[in-house]
Every structure is written in C-alpha cells, then in structure tokens.
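# Geometric and topological summary
What follows is the residue order along each chain.
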Amino acid sequence: MDEGNTRARSSIRLHKELSAIWDAPPGWGRLAAVNHTTIGKRFMLTAFVFFLIGGLLGMLIRAQLATSGSAFIGAPIYNQIFTMHGTIMMFLFAIPMFEGFAIYLLPKMLGARDMAFPRLTAYGYWCYLFGGSILIVALLAGVAPNGGWFLYTPLNSQPYSPGINADIWLLGITFVEISALSAAIEIIVSILRLRAPGMSIERMPIMAWYLLVTAFMMLFGFPPLILGSILLELERAFDLPFFDPTRGGDSLLWQHLFWLFGHPEVYIIFLPAAGAVSMMIPTFARHELVGYRSVILAVMAVGFLSFGLWVHHMFTVGIPHLALAFFSAASGLVAIPTAVQLFSWIATIAQGRPRFDVPMLYLGGAFVVFILGGLTGVMLAMVPFNFQAHDTHFVVAHLHYVLVGGFVFPLLAATYYWLPHITGRMARHSVSVPAFWLLFGGFNLTFFIMHLTGLLGMPRRVWTYPEAAGWDIFNLISSVGSFVMAAGFALFAVDIVLQLRFGERFRRNPWRARTLEWATPTPPPSYAFASLPVISDRADRLDPDRIGPELAAGRGYLGAARNGWMETLGVDIASGEPREVVILPRPTYLPLFTALATGAFVLCLLFKAYALSIVPLLVVLGLFLAWTVSSGSRRDLEDLPIAPGKTAPPHWQVERPPSWWAMSFTLTADGVFFASLLFGVLFLRVVSPDWPASQGPVLDLRLALPAIAAAGLAALAGRHAVRRLLSGRPLAVALVACAGAHLAAMALLVAMIVALGDPTVHANRATIFALLAFAALHAALGMIFAAFGLWRERSGLLSPARSVDLRIGAMWHGASAVVVTIALLFAWIGSAP
Amino acid sequence: MSRTSFLGQPFFLVAGFSIWAVGFLALYALLSVGCAYGWNEIVVVGSFSLLRLQLVAVFIVSLAACAGVVAALLARRRGGGKASEHFLAILALQASLAALVATFFTFAGVLTLSICD
C-alpha cells in the first residue's frame, strides 16, 4: 500500500513537471503547439471535415446522374464538382488522414515521446490547412478545378482551360504535397531512430513497418507529381511548351508523371489502413499476428510492385505491346502480396479465440468490399478487358471498392478502436451497428450497380446521358444507394459525438491490446510517456496494463524532467540500443508564420504577381533559418544520464542524429525529382512527334565546363571545411570559398539561361531551361548552406564534437555538384546540332 | 562494439526489388528508344532483331543480378550474429527470392511477345 502511494505521488509529481515542459500554452498559445498528439488530432479532424465536403459533392454527383437528361446542376458546375470530389478525397482526406493517424499514434507505438521534427509536423499541418482551404474557397467562388482530378493535358493546358481553375489545382495541391513530403521524411526518421530502448528492428510493431514502407513510397511517388505540377504551371503561366505537341511537347508526359505518383498513391492510402487492420485483428482474435515476417515481406513487395503499374492507367494511349505486357504482368502480380496480408488476417482469426466487437464488424465489411475491388482490379489489369472497360463506370466502381474497402472501412474500424485512446471514453455502440449496415448496404447499392452501367458502356465524367441509352434504372438505384450510405455516415458521426459526450470513462487499454500505445494514460498527456519503456519482446506481445503504471512512475528511461528540455531517445536502427538523447524544440509560432508566408507565396503565384512573390519567398527562407537559432549548444556537453548507470550524448554530438538522416532522405526526394525531370527530357526527345534538331540552342561549353568546375570546387571546399572543423582548425576561408564557388556556378548557369534565347519556342529549349534552372537553384541553396555554416561557426555552435550542421551542408554541396554536372550533360546533349 | 557485416546491412532488404525496379525501367526505356529508332527492324541473328537481343540481355542481366543477391544472402544466412541481424538476413533473402520470381514473371514477355506493334 505504501509502495502504491509512493508510486502515485511520484507519478503525479513527474506528470506536473513534464506537463510544464511539454504542454502548449493556453489560448492563442495553442497555435504554437508542435506536439504530435495535438497536431495528429488536428490533422485527423481537418481531414474528416474535408471528407464531409467531398462526400457532399459525391451526393450532388449522384443527384445529377439519378435520371437521364437531368438539369439539376448542369455541365460547368458538374465538372467542378466531380473534379473536386476526387481531388478532395485523394489529397485532402485520405493522405492527411493517414498522416494524422501516423503522427498521433506512431511515437506512442514506438515508445517515443514525439516525432523527430515537431516543428516540421506543425508546418506540414498548416500547409495542409491553407492549401486545402484555397481549393475549398475556389469551389465556393465557382472557380474550382474542372478538368478531372488527373488534370490531363491538353484539356487543362492554357488554351483549353484559360481561367485560374487548373492553376488552383496545381498550386494548391503542390502546397499540400509539401506537407505530405515533410511528413514522409519525418515518419521514416522517427521509425528508424526514435524508438524505445531494446525495440530492435525485429521487435517493431507491424504498424511501423507499414508506415515505413508507405513513407518511402511517398518519398519516391510524390516528386514526379510535384515536378509535373511545376512544369504544367510553367506552361500555363509562361508558355513553356512541355506538354504542347505543336512545339515539341507531349501530353503523354503529363500522364506519365501523374501516374508515376497516381498508382502508388492507391497503395500509399491502402497500406496504412492495412497496418491498422494488422494491429486490430490480433487484439480481437486474442492471438498475435500470424506470419509477422511474411506480412513485412508482402508490404515491401507491394511497395515496389505498385510502382510498376503506372502505365496500366494508360493502356489505351498507344504504347508498344510489349510494354503493355510488362505493366499488365506487374498489375496482376501485386495481387499476390496483397493476398498474403489478407490470408494472414484470416489465419490470425482462425488460430485465435476471436471475440466480436464493433471494429470487427467494420473490418468484416472492409474484407468483403476490398476483395471485390481486388478482383475487378485483376480484371482491369488484363489488357483486353481494360480496353473494353476503359474510362467507364466499371472503373469508377472498381476504384471505389478498392479505396472504400481498403481505406474507408478500415478507417471506420480504426476510429472505433482508437477513439477511446484519444478521448479516454468508451463508446456505447448503440448506433454503430445500424450505421454499419446503412453504410455497407448503401455502398454496395451505389457502386456494385456501377459495374453494370460500366459494362453497358456508360462513360465516366459525363454530366448526363440520353434516355435511349437505357441506364436510368441502374443510375437511379445507384443514387438511392448513395443517399443510404450518406445516412450511414451521418449516423456514424452521431455515434462519435455520443461517445465524446456520454462515453464511459476508463483508465487505459479497454480492448486488452498488447501494443505499447495503450500503455499511455488515456487521453494521453502531451509527453506521451513519463518515462520510456525497455522492450525485451516483440512489440505486439507486451502487457500495457503492467507497463503503464511503471512508466508513469518514472521507472523507465528519461524518467525525470531536466533543464526544461523536451527529451526522447535516439536508438540504433537495427539493434534498438540507445545512442543519444534527442532534445526536441519547444512550442513556437514559427511553423505557423512560415506556413502563412508559404501560403502568401502560393497566392502571389496564383494571382500572377510574380515579382511580388519574391517577398514572401524571402520571408519563408528567413523564417526557416530562424528555426535553427534555438537548436544546438555553444559548448560540448558531458554524456547525459538516461537511466541508472547509463548515459548518452545529446543528439548534436553524435555522428548521425535525426537531422542527418532527414537530409539524406531529403536528398533522396530531390534525386527522385531530378530523375523524373531527366525522364521527362528523355521522353520528349524520344517520343515527341515534333522534335526538329534545328530548334535546339547550342550550349556554350566555355560556360558549362567552368560551371561544373565551380560546383565541384564548392563540394570539395565544403568537405574541406568539415575536415578542418574535425581537426580543430579555422574553417572560415574554406566556407567562404565554398559559397564563392556556388555563386560562380550560379552566375554561369544564369548566363547560360540568358543565352538560351526564348524558351517558349520549342520544348527542347524549355527542357534545357528547366535543367539549367534546377541546377542554378541547387547552387543558390548551396550558397545559403555555406553561409549558414559560417554563421554557426561564428556563433560558437560548431566544434569537432558538434559538426553535424557542417556535415549536412557538405552533403548538399556534394549533391549540388552532381546535379549541376548531370544537368549540364543533358543540356549539352539536347543542344547538340 | 561489433560491426554489422556488409551483407547484414538493412539495405539488402530492398536489394532484390531494387534490381527489379531498375530492370523494369531499363526495359521500358530501351523498348521506347528501340521502337522510336527502328531497332526492331534490324535483324541480327535468325529472326532476332537488335532490339529483341538487347531486351533479352537486360532480362538475363536482371535475373542474374537478382540470383546473385539471393546466392550471397543464402551464404550469409548460415552465419551467426545478433537476433536483429539474423532477422534482417532472412527477410532480405525472402525478399530477394520474391524479387527473382517477380523479375521472371514481369519481364519474360521479352522472349516471345511482339515488340513494337
């Protein structure tokens, strides 16, 4: 009893100390929050609001199509509505919802106190909110995108979409994608480095594997779309003809860049939901996941194979037969690892002692719907069938079965499963069962029928159809079904509100789960764990009921407040051994201000105030640099106590802290972006129907070779500066030389751009312009990195033990030299007569 | 502190499928370039065109590279080491085997199917 009281007292004291450090200030101070629990909830709530808007648009679509010749909304508005329905559901609901889910739960599942870069989390959220708001405001103003959510060219090129509708899509979505890419990098680094001590790679919760693969897919999938969006916006704004076939461009380039993102995107949405399923089923089956390693293997296979499917959206555009075979084979093949996961779930239920609860009901619905979607997916992967069903409502039915079965139903199950964690209340489930049957029945009524209308030849994206087509009865049933489904969602929302208001309070782990997130108090405090657990078994075999109170009493790692620091542990990627104490940044308004400035930049571009856009761009740059002021230390610190008898250095004194990894993955995304650009350049040169060599400008090698030399010199100077720092010698001269070399490279590249002549004449010049501009941008950023290193050194923030800032800069200098060299090589080949 | 051997690195988890991805891109790029420049009409041996030979060569190189990774990881599997290293080694081996099958299944069309029609 005494021990219990002592533990309770120490738990309360520790809670107060940690809360004082980790909680965001009240009132307006909430806008400064960077905590993963807060930001995760904001992401999910905002995504749900966008989902409601997207759902409402879906109902308008079905109201319009309910009967032939309907005059309900008419073509112009219908075009905006169906475009925005797809755009919202994909970009403003599905991805951000998964991001919020990951941001909220991941640290708790891994036994960490927060994500690796809390300010980046907050910045990502604000970018998402502002970017999404731009799209919604455009919808209300009647100038929303209206060319389909694939934004195909030439329909969305300037001559055929002269308003700002397409610009809103291109700029707004790119804004949102900044958020997604930053989340991807953060998720990867957090999973690889921020875990509980002892959580070696083979002990990670299965969800971490799913999110790791998903985040890598985002890292490789999003840059092609960002590139495509930038190129199309350049064409629309400045007439650079990347997609104009009359001047050497090609509309198919857009399709390639879009679907290089677009198909993996389906799995980017599906995999986190599948991860949630793999977390829930073991709890309800009362048996650990069967085939843990096979599921990891399957998820990795899906991650890769899903990139080999992108052309199956383009089977009818006229590509060589053999290429059709590659993509058809890969499309069929991806069903196998997907099925491995399904069989694992079924085997887990079969081997366990399953008990029924509402999340399982929704998972049952997910299974049925997703399997049906998977089967039609295999049908569509077969080229002859695809030719028949292409761009019909059969495809609409398939994609909804896959996305609703693969994401929405699992998400609803996950909501019922994890909402008690967020709220600390258990649902009564009084209306959740009827809500399910309305949803399940309404969904199938809506979309199963669409297979039939599709097979009868009804094309997608048409705003009406003739009565003679004979599709009325099917469409009417579909539309009735959609309203039944909407009633189900309304009931679901009511159920959630009832839970929030009347749910029974409980302390922790209502489902008797065996994963770590249930070891936190519920609702969770801002610091998640008062101390960090030591993991000695797989993370789905734990006992949260025992671990929770121990951690709350501070009997784990970092079980005390220190220096007002927000601390968590960095561990070795494979073994999970503690490596460093990661000291996270305190709440700050900087992410909000930076996102506002980024939004101002986007709006300037949207309203074609290009000269003015330089102002917010410089503000963004300045604010990002301001983020770094509070980081690091002006003296070398002794290793810090992390547990009785154990110490670890602060993260800025280790060789590869989270920021080093973040730069590695940023450069990976940068490399994918550059590779996509090179792909585009090669594609146009090989495929474009109008590519006369005479249109090519001649690149002046007298400028190109010195530019390559300057970029190389900058890289060498950057490395030299690091060596000098590590040996304790002065490094200012090396950094000044580095910045100077970058400046020279940039000046030479700009001179080449000026000498290029009018880039609007032909796609060849436009692509060379893009290559040179991309290289110049790298040189410019290299200059900033060098200046930043110099400032850190002058401020006393660098020492041989604290060299990471300079080493990160050196990585950029090296990458910049590679980019400049390859870009100039490609430009030279393109300009050869 | 013991260092993880080269074959025990997490990188090897994705080695096989990375070869598949590179092979996929190489085949698609080669096919596009070959069809654009008419390499499918240049007969080299019997009924084999220049493009067919190049595609088959990429196919074989991809298979061989995947098989090489499998063989190397198979040898590594017999070694001891920490639990995490063992786990990664087995997972990498299985992933490479899956990639080998995927490589054969996805690319085998180069042997028989029409190329540029």
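Predicted model, so just to flag it, every value in this text is computed and none were measured. (Residues numbered from 1 in each chain as written. Chains lettered and ligands numbered in written order. Predicted model: local features only at pLDDT ≥ 70, side-chain atom pairs only at ≥ 80, totals over all residues. Heavy atoms only, no water.)

Another point: the overall build of chain A. Broken down by element type, chain A carries 23 helices and six strands. In terms of overall size, chain A behaves like a compact globule, its C-alpha atoms giving a radius of gyration of 27 Å where 833 residues would be expected to give roughly 28 Å. C-alpha extents for chain A along the principal axes are approximately 90 × 80 × 50 Å. Residue burial in chain A is summarised as follows: out of 833 residues, 64% are buried. Long-range contacts, defined here as pairs at least 24 residues apart, represent 82% of the contacts in chain A between residues at least 6 apart. Working note: accessible area of chain A is about 29200 Å², and carbon and sulfur atoms make up 69% of it. (Helix = DSSP H or I, 4+ residues; strand = E, 2+ residues; numbered from the N terminus. Rg over C-alpha atoms; globule rule 2.2 N^0.38 Å. Buried < 20%, exposed > 50% of the residue type's maximum accessible area, 1.4 Å probe, protein only. Contact = heavy atoms within 4.5 Å. Areas by Shrake-Rupley, 256 points an atom, 1.4 Å probe, with all protein chains shown as cover.)

Glancing now at the pattern of salt bridges. All names here are of chain A. Per the stated rule, a full pass over the model turns up 19 salt bridges over all chains. Taking the shortest distance from any N to any O, the salt bridge between Arg512 and Asp545 comes out at 2.5 Å. Residue Arg512 is located in the loop between strand 2 (504-505) and helix 16 (544-552), and its partner Asp545 is located in helix 16; the two are separated by 33 residues in the primary sequence. One salt bridge in this structure joins Arg802 and Asp636, with 2.5 Å as the shortest N-O distance. Of this pair, Arg802 sits in the loop between helix 22 (763-794) and helix 23 (804-831) while Asp636 sits in the loop between helix 18 (614-627) and strand 5 (640-643), and the two are 166 residues apart along the sequence. According to the relative accessible area criterion, Arg802 is buried, its value standing at 7%. Counted as one network, the salt bridges with shared partners bring together Glu288, Asp537, Arg538, Asp540 and Arg541. (Salt bridge = Lys/Arg side-chain N within 4 Å of Asp/Glu carboxyl O.)

So, on to the pairing of strand 4 (residues 578-584) of chain A. All names here are of chain A. For strand 4, the tally of buried residues reaches five of seven residues, placing the bulk of the element in the interior. Where strand 3 (residues 566-571) lies against strand 4, six bridges are found, and the strand directions are antiparallel. Directly across from Met566, in strand 4, lies its bridge partner Leu584. Hairpin remark: strand 3 followed by strand 4, antiparallel, with six residues in the connecting loop; positive phi at Gly576, about 75°. (Pairing = 2+ DSSP bridges.)

As a further point, take the UniProt feature "transmembrane region" (unreviewed entry) in chain B. Residues and elements named next belong to chain B. Under the local residue numbering, the UniProt record ascribes the feature "transmembrane region" (unreviewed entry) to residues 12-39, 51-75 and 87-115. For residues 12-39, the helix share is 82%, the strand share is 0%, and the end-to-end C-alpha distance is 36 Å. Across residues 87-115 one finds 72% helix and 0% strand; the C-alpha atoms that close the span lie 42 Å apart. (UniProt positions renumbered as here; feature names shortened; annotations may be inferred.)

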